[in-house]
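Now for the letters of each chain:
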Amino acid sequence: MAYVRVGGVGLHYVETGEGDPLVLVHGSWNDHRSWQAAIEADVRASFRVVAYDRRGHGESEAVPGQGTRRQDEDDLAGLIEGLGIAPAHVAGNSFGASIALGLAARRPELLRSLVAHEPPLVGVAADDPAAAAQLRSAGTAIEAVLEHLRRGHDTEGARLFVEEVAMGPGAWDALPEAVQDRFVRHAQTWRDEQEDPEWGALDLDALADCRVPVLLSGGTESPAWFAPLLDRLAAALPRARRHTFEGAGHIPHMTHPREYAELVTRFAGGA
């Protein structure tokens, strides 16, 4: 197994392909394996692909005590610098997209391009009337998930998150058993992320200084509150573009891997 040591934490990663570096940042409840279908579909034909496990996920080390998204941003920066691949193309999904955008606001020189799918940066759109009611509903569901996890009911919490927050009714039973197991395994890590008071915030003024090309994507089957949030991010970024995955939801790299791979390859290749 390949590891890079960043800030005292061992981060596991896998690498495949040749060409310009592309770093994949997975979302919550999962690990680097969530990217496998997109890598095979065929991102690796065009890039040197690095998919890593974020701290507390997969084969990477976990650190005791309350974690923060800023630590994840520093991990991503350390990975890019430690492997000597700056500036790198970066693609992030969900919380991984939040991490990538957070790094773009702080250290844009490390990025060559960025593809961010549905970052749950709820603080960005909290004052948007179109999003407020939907965000309140999502917040109620998230609190119910957290209550399950505080009681140690990780499977119940994972199911509730998938069906009430991320993917919709019936989605849990449609997931392969191995994916369900990964959700349950990472339930308490997600709880730790949620207990960081800054998990959903982003400095839009700092983000406006990011001059790298950014593609913000969403899915037609995802919760509606992502749309106004992506609008706010697009307005803040000088070189932002938008894309909508028709018929897809929160994890298009898993459900629509070929379409996702083609999008990333086309966008990053032209950056």
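Definitions and cut-offs
- Residues numbered from 1 in each chain as written.
- Predicted model: local features only at pLDDT ≥ 70, side-chain atom pairs only at ≥ 80, totals over all residues.
- Heavy atoms only, no water.
- Salt bridge = Lys/Arg side-chain N within 4 Å of Asp/Glu carboxyl O.
- 1 Å grid on protein atoms, 1.4 Å probe; cavity = no way out; pocket = protein on both sides within 12 Å on 5 of 7 lines; lining within 4 Å.
- Points joined across faces, edges and corners; volume = space filled by probe spheres on them.
- Helix = DSSP H or I, 4+ residues; strand = E, 2+ residues; numbered from the N terminus.
- Nonpolar A, V, L, I, M, F, W, Y, C, P; charged D, E, K, R; others polar.
- Buried < 20%, exposed > 50% of the residue type's maximum accessible area, 1.4 Å probe, protein only.
- Contact = heavy atoms within 4.5 Å.
- Pairing = 2+ DSSP bridges.
- Core = buried A, V, L, I, M, F, W, Y, C linked by side-chain atoms within 4.5 Å.
- Axes fitted to C-alpha atoms, helices over the stretch in contact; angles between N-to-C directions.

Chemist: Explain the pattern of salt bridges here, please?
Modeler: Opposite charge on two side chains allows them to pair when their charged atoms are near. Tallied over the entire structure, the rule returns 21 salt bridges. Note that Glu195 and Arg191 form a salt bridge whose closest N and O atoms lie 3.2 Å from each other. Through salt bridges that share partners, Arg69, Glu73, Asp74 and Arg106 make up one connected network.

Chemist: Which parts of the structure should I look at to understand empty space enclosed by the protein?
Modeler: Where empty space is left in the structure can be found by rolling a water-sized probe over the atoms. Scanning the entire structure with this criterion turns up two cavities of 30 Å³ or more. Considering only enclosed or pocket space, the largest cavity measures out at about 350 Å³ in volume. Mapped onto the lining of the largest cavity, the elements with two or more residues apiece are α5 (154-166), α8 (187-194) and α11 (252-255). Examining the composition of the lining of the largest cavity, we find that three residues originate from one element, α5, more than from any other. Classifying every residue of the lining of the largest cavity by side-chain character gives 16 nonpolar, nine polar and no charged. For the second largest cavity, the calculated volume is near 40 Å³. What lines the second largest cavity is Leu22, Leu24, Trp35, Ala38, Ile39, Val43, Tyr260 and Val264. At the level of elements, β3 (20-25), α1 (36-39) and α12 (257-269) are the ones that each hand at least two residues to the lining of the second largest cavity.

Chemist: It is not clear to me how the environment of Val90 should be interpreted in this structure. Could you clarify?
Modeler: Turning to its location among the elements, Val90 is positioned in strand β5 (residues 88-93). Residue Val90 is classed as buried on the basis of its relative accessible area, which comes to 1%. A C-alpha to C-alpha distance of 6.4 Å links Val90 and Val115, two positions 25 residues apart in sequence. Filtering out sequence-adjacent residues up to four positions away, Val90 remains in contact with Leu22, Val23, Val25, Leu76, Ile80, Ala100, Leu111, Ser113, Leu114 and Val115.

Chemist: I would appreciate a short explanation of the pairing of strand β2 (residues 9-16) in the present structure.
Modeler: Along any regular strand the residues' side chains alternate between the sheet's two faces. Relative to β2, strand β1 (residues 2-6) runs antiparallel, the two sharing five bridges. Bridge pairing in β2 links Ala2 to Tyr13. Adjacent in sequence and paired antiparallel, β1 and β2 are bridged by two residues, among which Gly7 carries a positive phi angle near 55°. Judged from the four bridges that link them, β2 and strand β4 (residues 47-52) form a sheet pairing that is antiparallel. When the sheet's bridge partners are listed, Tyr13 is paired in β4 with Tyr52.

Chemist: Explain the environment of Val214 here, please?
Modeler: Locating Val214 in the fold gives a position in strand β7 (residues 214-219). Under the relative-accessibility criterion, Val214 is labelled buried at 0%. Filtering out sequence-adjacent residues up to four positions away, Val214 remains in contact with Leu101, Leu114, Leu237, Arg239, Ala240, Arg241 and Phe267.

Chemist: Just checking my understanding: could you explain the nonpolar core for this structure?
Modeler: Generally speaking, a soluble globular protein has its nonpolar side chains buried in company with each other. Among the nonpolar cores identified, the biggest contains 48 residues, and Val23, Leu76, Val90, Leu101, Leu114 and Leu233 are the most heavily contacted of them. In contact with Leu76, other than residues within four places in its own chain, are Val23, Val25, Tyr52, Val90, Ile99, Ala100 and Leu103. Counting residues in hydrophobic clusters, the runner-up holds 21 residues, among them Leu22, Ala41, Leu215 and Leu263.

Chemist: Before we go on, may I ask you to explain the sheet that holds strand β8 (residues 240-245) in this structure?
Modeler: As a general point, the strands of a sheet are linked pairwise by backbone hydrogen bonds and lie either parallel or antiparallel. Reading across the sheet, the eight strands line up as β1-β2-β4-β3-β5-β6-β7-β8 and stay open at both edges, with mixed pairing between neighbours. At either margin of the open sheet sits one strand with a lone partner, and together these are β1 and β8. Across the sheet, the axes of successive neighbouring strands diverge by a mean angle of 25°, strand direction being ignored. Bridge count for strand β6 (residues 111-117) against β7 is four bridges, and the pairing is parallel.

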